[in-house]
Amino acid sequence: MKWNRKSLRHTMWMYFILFSALILLLLWFLQIVFLQNFYEQMKVSGIDAVSDTIIETYGTDKFESTIDQMTFSNALLIFVTDKEGHMTYFSDEHGYGGRARGLRPDQQAKTTTELPSAVRPLPNEFESFMEKVNQSEHGVVNYTVKQHRFKGETLVYGRKFEGGYLYISTPLEPMDSTTAILKKQLMVVTVVSLFAGFVIAFFIAGKLSRPLSKITESAKQLAQGNYNVSFAKDGYTELDQLADTLNYTTEELSKVEGLRRELIANISHDLRTPLTMIKAYSEMIRDLSGDNKEKRDTHLGVIIDETDRLTTLVNDILDLSAIQSLHDEGGNLPICPVNFSQTVEMIIHRFDGFSRKDGYTIQTEIAPDLHIAANRARIEQVVYNLIGNALDYAGDNKKIEVRVGDKDGRVRFEVTDSGSGIQEEEIPYIWQRYYRAENHKRSVVGNGLGLSIVKNILEMHGAPFGVTSALGCGSTFWFEIQRA
Ligand code: ADP
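Residues numbered from 1 in each chain as written. Predicted model: local features only at pLDDT ≥ 70, side-chain atom pairs only at ≥ 80, totals over all residues. Heavy atoms only, no water.

**Q** I'd love a proper account of the overall build of the chain, names of residues and values included.
**A** The helix and strand tally for the chain stands at ten helices and 13 strands. In terms of C-alpha radius of gyration, the chain reaches 50 Å, well past the compact-globule figure of 23 Å for 484 residues. Dimensions along the principal axes, computed over C-alpha positions, put the chain at roughly 155 × 60 × 40 Å. In the chain, which comprises 484 residues, the proportion classed as buried is 38%. The long-range fraction of contacts in the chain, counting pairs at least 24 apart against all pairs at least 6 apart in sequence, stands at 62%. Total accessible area computed for the chain in this model is approximately 29000 Å², and 57% of it derives from carbon and sulfur atoms. (Helix = DSSP H or I, 4+ residues; strand = E, 2+ residues; numbered from the N terminus. Rg over C-alpha atoms; globule rule 2.2 N^0.38 Å. Buried < 20%, exposed > 50% of the residue type's maximum accessible area, 1.4 Å probe, protein only. Contact = heavy atoms within 4.5 Å. Areas by Shrake-Rupley, 256 points an atom, 1.4 Å probe, with all protein chains shown as cover.)

Printed below as a string of structure tokens:
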């Protein structure tokens, strides 16, 4: 496998190693550099807790036994003095304590019980200790004292309390040997964890990048037009989501591809039929009806009709693509005030000849002088397409109704026919281009573009629109548009 520096595998591996290194560095610092400090702080806080425990028992008969217990279990040396600095009690690391009566008068304290067999004298620096305690803000001090004789240090902790002074001292262990051991251990830990990090990172990165490579493989196949490809899931949520999205994309792309094929088939069919007719009738005129005016006129009529059909189809395709590109680019149609009532009347008038000739009736209920804010040419196209459809699908009674009226500050247009209607489940699709409902397929001359044009234009006007239809009872197409 090629080692690519920008690959997920490499990057993950790098981060993993960096992370391990950072943790180890932190450990090194804490263990080796700050160990002494850390140790002292731990000691101080331990002794602080001890002093709390002792002072809590002050004034009770447990005071002295608590001190003995504490010195023994924490290896401490403790002196208690009164406020003048006269020792009243001491105890060493063996818990061997005693009261200080029987000392010289200047060393003596006012205690009540028997003399101990041996009394440990107060440390030499006790006076300076008391000074430090008195000068401290809260009456608590801690400091280290070098013990030259033993090449070591002791920690001295002092505290003032209501009975006098509490002096606690304990030797500080030299950290050098501990540090040396820790260093050796850390060395091993460093090598092992870096090695483990290396191996684990390598495997995790491999585990993660494998499904991604699989997805890339499938995506390549998709790009080559294989819509049957499926993106496998691997159990990682994010990658599964990616696979789901890509599977969905594949499905949609395959639908689009289906639509594209259908579209080409539809257009070819729609273009071929009139062209075949035109060719056939032209040949008939050339070979048969050229001299017979009546027949020739009929045949020419067919040719003219078919040419019109071709023109309508080509215009519709061009219109739709122009409107759709404008719509997709977020462009706006030029909007002006339009006398909508007049516009609708005028369009109905255009249909008059055709409707009267074929026995169609168009009933109207149009409120006068309703003005709307719209693009005149496009809104005419909408009305034209909707009335045209109503006539095309009017059914046997050949009657349609057109209504224009005011509705809540908008102008509402409705056209109703009593034709065969549209199945409920097909209603959402009729607005798509080239969609033609099952029960109408190719029975009426149409190209499946009219409603798609209507939809695009009304959406660009921000006008709500819709249809109510019941199979066998007819349909009402409507839209509402802003008044001017
Ligand atoms: P077409 O040129 O086929 O009429 P349209 O886009 O105008 O294309 O309409 C799409 C489909 O919607 C039609 O094929 C038809 O099935 C259905 N349709 C449109 N208007 C009506 C209507 N008034 N009554 C019943 N069905 C309709």
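**Q** Can you tell me about the sheet that holds strand β12 (residues 465-470), naming the residues and giving the values?
**A** Taken together, five strands build an open sheet; the order of strands is β8-β10-β11-β13-β12 and the sheet is mixed. Looking along the sheet, the strands with just one partner apiece sit at the ends: β8 (361-366) and β12. Geometrically, the sheet is characterised by an average inter-axis angle of 15 degrees between neighbouring strands, direction not taken into account. As judged from the six bridges shared by β12 and strand β13 (residues 474-482), these two strands associate in the antiparallel manner. Looking at the pairing, Val467 lines up with Phe477 of β13. The sheet contacts of helix α9 (residues 376-392) involve β8, β10 (399-407), β11 (410-417) and β13, and relative to β11 the element is tilted by about 25 degrees. (Pairing = 2+ DSSP bridges. Axes fitted to C-alpha atoms, helices over the stretch in contact; angles between N-to-C directions.)

**Q** Tell me what's going on with unusual backbone geometry, and back it up with residues and numbers.
**A** Although it is not a glycine, Lys398 sits at a positive phi angle of roughly 50 degrees. Note on placement: Lys398 falls in the loop between α9 and β10. With a relative accessible area of 31%, Lys398 lands in the partly exposed category. One non-glycine residue, Asp408, adopts positive backbone phi at about 45 degrees.

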